[in-house]
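Next come the chains, spelled out residue by residue.
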Amino acid sequence: MKKIAWIVAVCGVALVLSALPEKERFRRGPGMWEVFSQLDETERGQLLKLQREAPEAFRVEMGKRAEKLYQEKLAQQAELQKLIDAYQSTDDAAKKAEIKAQLTAKLTANFDRRLANHRRQLEEMKRRTALFEQKLEKRAAEKDAIIEKLAQGLLSGEKKLMKVHRVDLPSRPPMKNEKKGVK
């Protein structure tokens, strides 16, 4: 019964996803990051360039890649389920040992792929963290100059500097003759 429910669920999800327009099928978030983290540095750079120059083309390309990864995962799950079913349906000890070895090999390969993917993600995070630390140190070293420029700009009426430096000035209190919300 569980096997039938699982097959119906997988087929239902695949059917629903294939019926949706590609725009709605594109899964953002972790799926996109998983796809992105599997790319080599050159390919990642090309996609980032595409994202800046043609965001819609980038979205379509990432959607295709996410869908391909999703279909690969569905196929892997189906293969595993097939082995599990074969194991459970046989009484031959030698056949069970062979099926278990095949299942173990597939699980090991899947685990190794995921582990390598997590390592790539970690390396990317470390790289980005190092860049962020450099920027932070640079801003800390230039603190006095930045504050002076910001003060001069604000005093001369440059509102743009407030956004660039994310300055939140307190709103001025209402004058004695002003009502709140009316100027």
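Residues numbered from 1 in each chain as written. Predicted model: local features only at pLDDT ≥ 70, side-chain atom pairs only at ≥ 80, totals over all residues. Heavy atoms only, no water.

Considerations on the overall build of the protein chain
Step number 1: The secondary structure content of the protein chain amounts to eight helices and zero strands.
Step number 2: Listing each helix as α and each strand as β along the protein chain from the N terminus yields α-α-α-α-α-α-α-α.
Step number 3: Counting across all 183 residues of the protein chain, residues that qualify as buried make up 17%.
Step number 4: For the protein chain, the share of sequence-separated contacts (at least 6 apart) that also reach a separation of at least 24 residues comes to 53%.
Step number 5: Surface exposure of the protein chain reaches about 14900 Å², of which carbon and sulfur atoms provide 59%. (Helix = DSSP H or I, 4+ residues; strand = E, 2+ residues; numbered from the N terminus. Buried < 20%, exposed > 50% of the residue type's maximum accessible area, 1.4 Å probe, protein only. Contact = heavy atoms within 4.5 Å. Areas by Shrake-Rupley, 256 points an atom, 1.4 Å probe, with all protein chains shown as cover.)

Let's talk about helix 7 (residues 143-155)
Because each turn of an α-helix spans 3.6 residues, side chains separated by three or four positions in sequence point in the same direction.
Step number 1: Along its 13 residues, helix 7 runs 18 Å from first to last C-alpha, staying within 8% of the 18 Å computed at 1.5 Å per residue.
Step number 2: Here helix 7 has its buried residues at Ile-146, Leu-150 and Gly-153. Taken down its axis, helix 7 places every buried residue within 65° of arc, on the same side. Pointing more than 90 degrees away from the buried face of helix 7 are the exposed residues Asp-144, Ala-145 and Leu-155.
Step number 3: Of the residues one or two after helix 7, Gly-157 is the one with positive phi, at around 95°. (Expected span 1.5 Å × (residues − 1). Arc of directions from axis to C-beta.)

Quick look at the pattern of salt bridges
Step number 1: This model, assessed by the stated rule, comprises eight salt bridges.
Step number 2: A salt bridge links Arg-44 to Glu-41, with the nearest nitrogen and oxygen atoms 3.4 Å apart. Of this pair, Arg-44 and Glu-41 both sit in helix 4 (residues 41-53), three residues apart, roughly one helical turn.
Step number 3: Among the ionic contacts, a cluster of salt bridges with common partners joins Glu-41, Arg-44, Glu-124 and Arg-127. (Salt bridge = Lys/Arg side-chain N within 4 Å of Asp/Glu carboxyl O.)

Quick look at the packing of aromatic side chains
Step number 1: As enumerated under the stated definition, the model contains zero aromatic pairs in all.
Step number 2: The ring of Tyr-87 carries the charged tip of Lys-96 above its face, separated from the ring centre by 4.8 Å. (Phe/Tyr/Trp six-rings, centres within 6.5 Å; stacked < 30°, edge-to-face > 60°. Lys NZ or Arg CZ within 6 Å of the ring centre and 35° of its normal.)

Section: the packing of helix 4 against helix 5 (residues 55-89)
Step number 1: Closest axis-to-axis distance for the helix 4/helix 5 pair is 6 Å, and the angle between their directions is 135°. Between helix 4 and helix 5, the crossing angle belongs to the class labelled oblique. Where helix 4 abuts helix 5, its residues Glu-43, Leu-47, Leu-50, Gln-51, Arg-52 and Glu-53 lie against Pro-55, Ala-57, Phe-58, Glu-61, Met-62 and Arg-65. (Axes fitted to C-alpha atoms, helices over the stretch in contact; angles between N-to-C directions. Parallel < 35°, antiparallel > 145°, perpendicular 65-115°, else oblique.)

Things to note about the confidence of the model for the protein chain
Step number 1: Looking at the protein chain, the pLDDT average stands at 79 and 70% of residues meet or exceed 70.
Step number 2: Averaged over each element, pLDDT in the protein chain is lowest for helix 1 (residues 2-19) (44) and highest for helix 6 (residues 93-141) (93).
Step number 3: This model gives residues 4-20 a pLDDT under 50, and the stretch forms ten contacts once residues within four places in sequence are excluded.
Step number 4: Across residues 22-26, where pLDDT falls below 50, the model places 14 contacts with residues more than four positions away in sequence or in other chains. (pLDDT = per-residue confidence, 0-100.)

Points about the packing of helix 5 against helix 6
Step number 1: Where helix 5 meets helix 6, the axes come as close as 9 Å, and the angle between the chain directions of the two elements is 160°. As summarised for this structure, helix 5 and helix 6 are arranged roughly antiparallel, according to the angle between their axes. Crossing of helix 5 over helix 6 shows left-handed handedness. Side by side, helix 5 and helix 6 meet where Gln-76, Glu-79, Leu-80, Leu-83, Ala-86 and Tyr-87 of the first sit next to Lys-96, Ile-99, Lys-100, Gln-102, Leu-103, Lys-106, Leu-107, Asn-110 and Arg-113 of the second.
Step number 2: Classifying every residue of the contact of helix 5 with helix 6 by side-chain character gives seven nonpolar, three polar and five charged. (Left-handed = near helix turned anticlockwise from the far one by under 90°. Nonpolar A, V, L, I, M, F, W, Y, C, P; charged D, E, K, R; others polar.)

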